[in-house]
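The lines below spell out each chain.
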Amino acid sequence: MDNPQIQIQIDLDEKKVPEKIIWTSSSLPEPKDLDAKAMLLSFWDSKDKTAIRLDLWTKTMMVDEMADFFYQTFLSFSDTYHRSVPDSMLHEDIKKFAHSFKEKFKQEQVKHTP
């Protein structure tokens, strides 16, 4: 039986704000430490019927990077939902929301550009 592992290391500053996120997986072709500026980790607790989440981002994560991160995450949610509930049209709604989110972000950026 294969038991892949994912390891995550979070380096915090003196105020406990993430400065660095490093992760690796035994499933990578060549396991190595990889840097990340943000992460979203969710587990489903079926007993309590709740999602348990760990959302972190580093001090160096820029607003435009966060918007791209969310946009791509929304798209991946759509794909995951479609694979798990193939007959549902909701995955298309999630994709539409992702595209709308990206466009609204761009419009907000233009408003705040001198």
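Residues numbered from 1 in each chain as written. Predicted model: local features only at pLDDT ≥ 70, side-chain atom pairs only at ≥ 80, totals over all residues. Heavy atoms only, no water.

A short note on the packing of aromatic side chains
Right, so step 1: All told, the structure shown has six aromatic pairs when counted by the stated rule.
Right, so step 2: Look at phenylalanine 69 and phenylalanine 70: their rings are 6.3 Å apart centre to centre, the planes differ by 90 degrees, and that puts the pair in the edge-to-face class.
Right, so step 3: Overall, the relative accessible area of 25% leaves phenylalanine 69 in the partly exposed class.
Right, so step 4: Phenylalanine 70 sits in the partly exposed class, given a relative accessible area of 31%.
Right, so step 5: Taken together through their ring pairs, the aromatic side chains of Phe69, Phe70, Phe74, Phe97 and Phe101 make up a single cluster. (Phe/Tyr/Trp six-rings, centres within 6.5 Å; stacked < 30°, edge-to-face > 60°. Buried < 20%, exposed > 50% of the residue type's maximum accessible area, 1.4 Å probe, protein only.)

Comments concerning helix 2 (residues 90-111)
Right, so step 1: Here helix 2 contains 22 residues, and its C-alpha end-to-end distance of 31 Å stays within 8% of the 32 Å for a straight helix at 1.5 Å per residue.
Right, so step 2: Taken residue by residue, helix 2 has His91, Ala98 and Phe105 as its buried positions. Taken around the axis of helix 2, the buried residues stretch over an arc of 35 degrees, which confines them to a single face. Turned more than 90 degrees off the buried face of helix 2, the exposed positions are Lys96, Lys104, Val110 and Lys111.
Right, so step 3: Where helix 2 is buried, its residues contact helix 1 (63-84). (Helix = DSSP H or I, 4+ residues; strand = E, 2+ residues; numbered from the N terminus. Expected span 1.5 Å × (residues − 1). Arc of directions from axis to C-beta. Contact = heavy atoms within 4.5 Å.)

Points about the pairing of strand 4 (residues 38-45)
Right, so step 1: One ladder, built from eight bridges, connects strand 4 with strand 5 (residues 50-57); its direction is antiparallel. Looking across to strand 5, one finds that leucine 40 is bridged to aspartate 55. (Pairing = 2+ DSSP bridges.)

Remarks on the sheet that holds strand 2 (residues 18-25)
Right, so step 1: Taking strand neighbours across the sheet as the criterion, the three strands line up as 1-2-3 in an open arrangement whose pairing is antiparallel. Edge positions in the open sheet fall to strand 1 (6-12) and strand 3 (34-36), since each of these has one partner strand only. Averaged over all pairs of adjacent strands, the angle between strand axes in this sheet comes to 25 degrees, irrespective of strand direction.
Right, so step 2: Across seven bridges, the pairing between strand 1 and strand 2 is antiparallel. What sits directly across from glutamine 9, in strand 2, is isoleucine 22. (Axes fitted to C-alpha atoms, helices over the stretch in contact; angles between N-to-C directions.)

Things to note about the side chain of serine 25
Right, so step 1: Tracing the backbone through its elements, the reader meets serine 25 in strand 2.
Right, so step 2: Using a relative accessible area of 9% as the deciding quantity, one classes serine 25 as buried.
Right, so step 3: A polar contact is formed between the side chain of serine 25 and the backbone nitrogen of serine 27, at a distance of 3.0 Å.
Right, so step 4: Not counting residues up to four positions away in its chain, the partners in contact with serine 25 are Gln5, Ile6 and Pro31. (Polar contact = N/O pair within 3.5 Å; in protein donor to acceptor, adjacent residues only side chain to side chain.)

Examining unusual backbone geometry
Right, so step 1: Look at lysine 16: it is not a glycine, yet its phi comes out positive at around 65 degrees.
Right, so step 2: With respect to the helices, strands and loops of the structure, lysine 16 is situated in the loop between strand 1 and strand 2.
Right, so step 3: Located in the positive-phi region is lysine 49, a residue other than glycine, with phi close to 55 degrees.
Right, so step 4: Inspection of the secondary structure puts lysine 49 in the loop between strand 4 and strand 5.

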